[in-house]
Structures are given as structure tokens and as C-alpha cells.
Amino acid sequence: MSLPPDDFGQKIFFEIHNDLPREGPGSIQSTLQAFCSIESHDKQLNILDIACGPGMTTIELAKLGHHITAIDNHQPFIKTLLTRAKEELLSDRINALVGDMFCLEKFVPQNSFDVIWSEGSIYLIGFERGLIEWKEFLKKDGYLVCSELSWLTADVPNEPREFWSKNYPEMHSREENFEIIKKCGYKLIDSFVLEEKDWWNEYYGPMEKQIQQLKLKYNEQKEAENVLHEQQIEIDLYRKYSKTYGYVFYIMKNIDV
């Protein structure tokens, strides 16, 4: 669901999301599968992890021996990441910043990253806009790797179509995203759909438990109940239409410099 516009709604939203293992569908296995499509030539890569959340992906990329600049606009997530980096003895490989994907130039230098990584978050700025604006932070021949909510079938039922037209009107099919990638000056290297378990094990599963606990905490508080209900609708929708849409990894190389 989209971030509510009011302060109380946002408070409930972050109570739903705080302490989840990750902030969107994914898994260590899918992260590593996507990374295998990158030609690293056994060198340490300089990676920008945009909207890193609590840092599960950041930690895994750092474990591979690379240097990660991780950025997120939610300070508690950055605090969690810094704590985990210290526990994993990875502090020397991770630079974690509170910052905004909409104005990266305030936080990181241009033309400086071998890889830009964004799991489950490019929708915030929009797929095409993200590819265009983030390109200037890539080195020549650098890679952009992202997972993006995408239609998987041509005939989309009305229920998910109406829900996502409200919550993510810029949502495209895989084939449409392939064309956007080409138009924005990238070469598609690989693409794959996340498995359904990647939605449940570390995201929707823990989130449903969180929602049930918050329903007890905010019993008969209508505004809170509305936010919780909207999030549950999203979960139930995927349970019903998981063959219709999903998260897709897109691994692309910068060729237009």
C-alpha cells in the first residue's frame, strides 16, 4: 500500500513495517541470482543500494566483498542496518546514509558506482524516471539492478487492475518494461520473476502477524483500523492473484553514456 498522507496514518504504516525482515518481496537466493548476472571480474565493486530498508540486501552484498553505500529516508531503518553491520563485522564495507532517492545528488557523487541496486522500491519514483535519473550516478558500463512490480499476464482481472491503478498507476507488464529499459539507454542482461515464497517468508507472512497484533492494540480506533485493513486487502489480493502480477528482477547494463 502507499504511504498514507497524514501523520497518524504514517505512524500506523511504519508500525506495520518496523521490524519486518525486509521491506518488500525478496530473498537472499533471488538477490544472489540477480547478482550472478553481473560481470564483476573478481574486483570489489562500488554499489549504491537505494531505499535499503533495514539492510538485508545490503548485508548480503557486503558479505560478497563489495563496498556498499546504502541510503534510505527512514532513519530507524538506517539505525537497524548500522547495528547489523557492526554485528556482522561489515562496518568497513557499508556506508549507510539517511537520504532521499528523489535528490541523490545531495548525498552521493555522479558517475561513481559500478552497480545501482534497488529491490522493491523503484516504484516510489517510478520505473522509467528511476532509470533516467539514476543513470547519471553509474559509471560507464555500470549495472542497474532492480525488482519491480509487474503484470505477468495480458488479461488482468478487474479486481487487481482497479487496486493497482489506484496504488501504482505506472505499473507495466514485463514486456513494456523491457521496452522502457531499451529506450532509457540500457541493455537488458537478465530478468526473472520472484517465486511466490519470496512474498511470504520474509514479507507478507511476518506482516500479517504484525497486523493481527496491531488490530488488538488499536481496537475501535477507526483511522488505525482503516490503515490496517488496506494493508490486509493488499495481502489478500496477492494470495488470490499471484499468477497475475509479481515482482520481477531486471538486470541491465548502461550503454548510453
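Here is what the cut-offs are and how they apply
Residues numbered from 1 in each chain as written. Predicted model: local features only at pLDDT ≥ 70, side-chain atom pairs only at ≥ 80, totals over all residues. Heavy atoms only, no water. Helix = DSSP H or I, 4+ residues; strand = E, 2+ residues; numbered from the N terminus. Rg over C-alpha atoms; globule rule 2.2 N^0.38 Å. Buried < 20%, exposed > 50% of the residue type's maximum accessible area, 1.4 Å probe, protein only. Contact = heavy atoms within 4.5 Å. Areas by Shrake-Rupley, 256 points an atom, 1.4 Å probe, with all protein chains shown as cover. Lys, Arg positive; Asp, Glu negative; His and termini not counted. Charge placed at Lys NZ, Arg CZ, Asp CG, Glu CD. Phe/Tyr/Trp six-rings, centres within 6.5 Å; stacked < 30°, edge-to-face > 60°. Lys NZ or Arg CZ within 6 Å of the ring centre and 35° of its normal. Core = buried A, V, L, I, M, F, W, Y, C linked by side-chain atoms within 4.5 Å.

(A) Seen up close, the overall build of the chain. A tally of regular secondary structure across the chain gives 9 helices and 8 strands. Over its C-alpha atoms the chain spans a radius of gyration of 18 Å, differing by no more than 12% from the 18 Å that the globule rule assigns to 257 residues. A principal-axis box enclosing the C-alpha atoms of the chain has dimensions of 55 × 45 × 30 Å. A buried classification covers 52% of the 257 residues belonging to the chain. Taking contacts inside the chain between residues at least 6 apart in sequence as the whole, the part at least 24 apart equals 75%. Carbon and sulfur atoms make up 49% of the accessible area of the chain, which amounts to about 12400 Å² in all. The average position of the 28 basic charges and that of the 42 acidic charges among the side chains of the chain differ by 3 Å.

(B) Region of the structure containing the environment of Ser-37. Along the polypeptide, Ser-37 turns up in the loop between α2 (28–35) and β1 (46–50). Separated by 215 residues in sequence, Ser-37 and Met-252 have C-alpha atoms that sit 9.1 Å apart. Excluding residues that lie within four positions of it along the chain, Ser-37 makes contacts with Tyr-143, Ile-189, Asp-190 and Ile-251.

(C) Here's a closer look at the packing of aromatic side chains. Under the definition given, this model contains 20 aromatic pairs. Between Phe-163 and Trp-164, the aromatic rings sit 4.9 Å apart at their centres with planes inclined by 85 degrees, giving edge-to-face as the arrangement. A residue is classified by how much of its surface remains accessible, and Trp-164, at 7% relative accessible area, is buried. Here the aromatic cluster, defined as three or more aromatic residues joined through ring pairs, consists of Trp-151, Phe-163, Trp-164, Trp-199, Trp-200, Tyr-203, Tyr-204, Tyr-238, Tyr-245 and Tyr-247. Lying across the ring of Tyr-186, Lys-135 places its NZ or CZ 4.0 Å from the centre. For Arg-161, the ring lying beneath its charged end belongs to Trp-151, and the centroid distance is 4.9 Å.

(D) How the structure looks around unusual backbone geometry. Unusually for a residue other than glycine, Leu-89 sits at a positive phi of about 60 degrees. By secondary structure assignment, the location of Leu-89 is in the loop between α4 (75–87) and β3 (94–98). In this structure Leu-89 comes out as exposed when scored by relative accessible area, which is 72%.

(E) Quick look at the nonpolar core. Within the largest apolar cluster, 75 residues are counted, with the highest numbers of intra-cluster contacts made by Trp-117, Phe-127, Leu-131 and Tyr-245. Those residues in contact with Leu-131 that sit more than four places away from it in its chain are Ile-122, Leu-144, Ile-180, Ile-181, Cys-184, Tyr-186 and Met-252.

As far as function goes, none of this settles anything; it's purely spatial.
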